[in-house]
Amino acid sequence: SAVISQKPSRDICQRGTSLTIQCQVDSQVTMMFWYRQQPGQSLTLIATANQGSEATYESGFVIDKFPISRPNLTFSTLTVSNMSPEDSSIYLCSVAWGGGDTQYFGPGTRLTVL
Amino acid sequence: QKEVEQNSGPLSVPEGAIASLNCTYSDRGSQSFFWYRQYSGKSPELIMFIYSNGDKEDGSFTAQLNKASQYVSLLIRDSQPSDSATYLCAVKSGSQGNLIFGKGTKLSVKP
């Protein structure tokens, strides 16, 4: 496995603003993913962050709302744009090697939107 | 719609007992199966994975897979209060599929 860090660990934001979350891994990984975990719910995949190309988004998630970057094999960002209280959630990045079978999660970012 | 179902619990067992957590999935093409443990306020931690029918043991954990019944389970032997957490079942469909997570079963181990 690897050491995965996320910044910020938590934030409280105002409606209509944007927040960028960073995910850093201490070794090169093949795949990076972004998930959302709403209160009392399980994990929902937002998108797969592709190195050097546009992210692959899941149904219900769009690039304008959740732009993602992955400039190299150890780093990715997720931006939550034009936030509303419904975006209050924990956002998690995960990483995997090879085909992405076994995923390891970062510590998460707890976002509250007022 | 590919689904992964778990009993939300809470499942309460006494210390030292065997905790049995169950998961069913809808996609017969699923190939990889995972169990994650998530403590309150923390991120999911991988504890077991299984690919083939049968049992796989790792320490106090045993994962059981029955593809014909589309059923995967996790047994925790000699349960301790420190095992109290939410256990998430995750299933991957095919070589290119993504992980689909169940809603998790909350386990409480009483001293």
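Sequence positions are assigned chain by chain, starting from 1 and proceeding in written order. Lettering for chains starts from A, numbering for ligands starts from 1, and both go in the order in which the items are written. Local features in a predicted model are, by the rule used here, given only for residues with pLDDT of at least 70; side-chain atom pairs are given and counted only at 80 or more, and totals for whole chains, interfaces and linings are based on all residues. Side-chain descriptors were evaluated using all non-hydrogen atoms of the structure, hydrogens and water having been removed beforehand.

Now for the overall build of chain B. Strands here mean DSSP runs of E at least two residues long; helices mean DSSP runs of H or I at least four residues long; both are numbered from the N terminus. Counting secondary structure elements, chain B contains 0 helices and 11 strands. Listed N to C, the secondary structure of chain B is β-β-β-β-β-β-β-β-β-β-β in terms of helices and strands. Computed over C-alpha atoms, the radius of gyration of chain B comes to 13 Å, within 12% of the 13 Å expected from 2.2 N^0.38 for 111 residues, which places it in the range of a compact globule. With the C-alpha coordinates aligned to their principal axes, the bounding extent of chain B is approximately 40 × 30 × 20 Å. Put simply, chain B has 111 residues, and 43% of those count as buried. Here a residue-residue contact requires only that any non-hydrogen atoms of the pair lie within 4.5 Å. In chain B, the proportion of contacts linking residues at least 24 apart, taken out of those at least 6 apart, comes to 55%. In these tables, accessible area is a Shrake-Rupley quantity obtained with a 1.4 Å probe, and a residue counts as shielded only by the protein chains included in the view. Entry remark: accessible area of chain B is about 5400 Å², with carbon and sulfur atoms responsible for 47%. Charged residues are defined here as Lys and Arg on the positive side and Asp and Glu on the negative side; His and the ends of the chain fall outside this count. Charged groups are reduced to one reference atom each: NZ for lysine, CZ for arginine, CG for aspartic acid, CD for glutamic acid. Placing the 11 positive and 10 negative side-chain charges of chain B at their respective mean positions leaves the two points 6 Å apart. Atoms considered for the radius of gyration are the C-alpha atoms alone. The globule rule reads 2.2 Å times the number of residues to the power 0.38. With a 1.4 Å probe rolled over the protein chains alone, any residue whose accessible area is under 20% of its type maximum counts as buried; one over 50% counts as exposed, and the rest are partly exposed.

Our focus in this paragraph is the sheet that holds strand E8 (residues 71-76) of chain B. Residue and element names in this part refer to chain B. The strand order E1-E3-E8-E7-E6 describes an open sheet built from 5 strands, whose pairing is antiparallel. Lying at the two open borders of the sheet, with one neighbouring strand each, are strand E1 (4-6) and strand E6 (54-58). Across the sheet, the mean angle separating the axes of adjacent strands is 20° when strand polarity is ignored. Note: two strands are recorded as paired if DSSP finds a minimum of 2 bridges between them. Where helices are involved, their axes are fitted lines through C-alpha atoms of the stretch in contact, as for all axes, and angles between N-to-C directions lie from 0 to 180°.

Residues and elements named next belong to chain B. Only protein atoms enter the 1 Å grid, on which a cavity is a set of points fitting a 1.4 Å probe that cannot get out and a pocket is an open set with protein on both sides within 12 Å along at least 5 of 7 lines, lining residues being those with an atom within 4 Å of a point. Grid points are joined across faces, edges and corners, and a volume is the space filled by probe spheres set on the points. Under the criterion given, the structure shown has 1 cavity of 30 Å³ or more. Estimates place the volume of the largest cavity at around 40 Å³. Lys 2, Glu 3, Val 4, Tyr 25, Ser 26, Asp 27, Ser 30, Val 91, Ser 93 and Ile 100 together form the lining of the largest cavity. Throughout, the ten residues Ala, Val, Leu, Ile, Met, Phe, Trp, Tyr, Cys and Pro are labelled nonpolar, Asp, Glu, Lys and Arg are labelled charged, and all others, Gly among them, are labelled polar. Among the residues making up the lining of the largest cavity, the classes are represented as 4 nonpolar, 3 polar and 3 charged.

This part takes up the sheet that holds strand E1 (residues 4-7) of chain A. Residue and element names in this part refer to chain A. In spatial order, the strands read E1-E3-E8-E7; together these 4 strands make up an open sheet with antiparallel pairing. Of all strands in the sheet, those with a lone pairing partner are E1 and strand E7 (68-72), marking the two edges. Looking at each pair of strands side by side, their axes are set apart by 15° on average, direction ignored. Bridge count between strand E3 (residues 19-25) and strand E8 (residues 75-80): 6 bridges; the pairing is antiparallel. Within E8, the position partnered with Cys 23 by the bridge is Ser 76.

For the rest of this paragraph, the subject is the side chain of Ser 76 of chain A. Residues and elements named next belong to chain A. Within the fold, Ser 76 resides in strand E8. Pairing of N or O atoms within 3.5 Å defines a polar contact, subject to two protein rules: one partner must be a possible hydrogen donor and the other a possible acceptor, and residues neighboring in sequence count only if both atoms are side-chain atoms. Side-chain polar atoms of Ser 76 contact the side chain of Trp 34, separated by 3.0 Å. Leave out the neighbours within four places in its chain, and Ser 76 touches Ile 21, Gln 22, Cys 23, Met 32, Trp 34, Ala 49, Ile 68, Ser 69 and Arg 70.

Pairs of cysteine sulfur atoms within 2.5 Å are identified as disulfides in what follows. One pass over the structure, following the stated rule, counts 2 disulfides over all chains. Paired by a disulfide, Cys 23 of chain A and Cys 93 of chain A hold their sulfur atoms 2.0 Å apart. Handedness here is read from the sign of the S-S torsion; for Cys 23 of chain A and Cys 93 of chain A, about 65°, the answer is right-handed. Linking Cys 23 of chain A in strand E3 with Cys 93 of chain A in strand E9 (residues 89-96), this pair joins segments that are 70 residues apart in sequence. Neither Cys 23 of chain A nor Cys 93 of chain A differs from the other in exposure class; each is buried. Note on cysteine connectivity: Cys 23 of chain B is disulfide-linked to Cys 89 of chain B, with sulfurs 2.1 Å apart.

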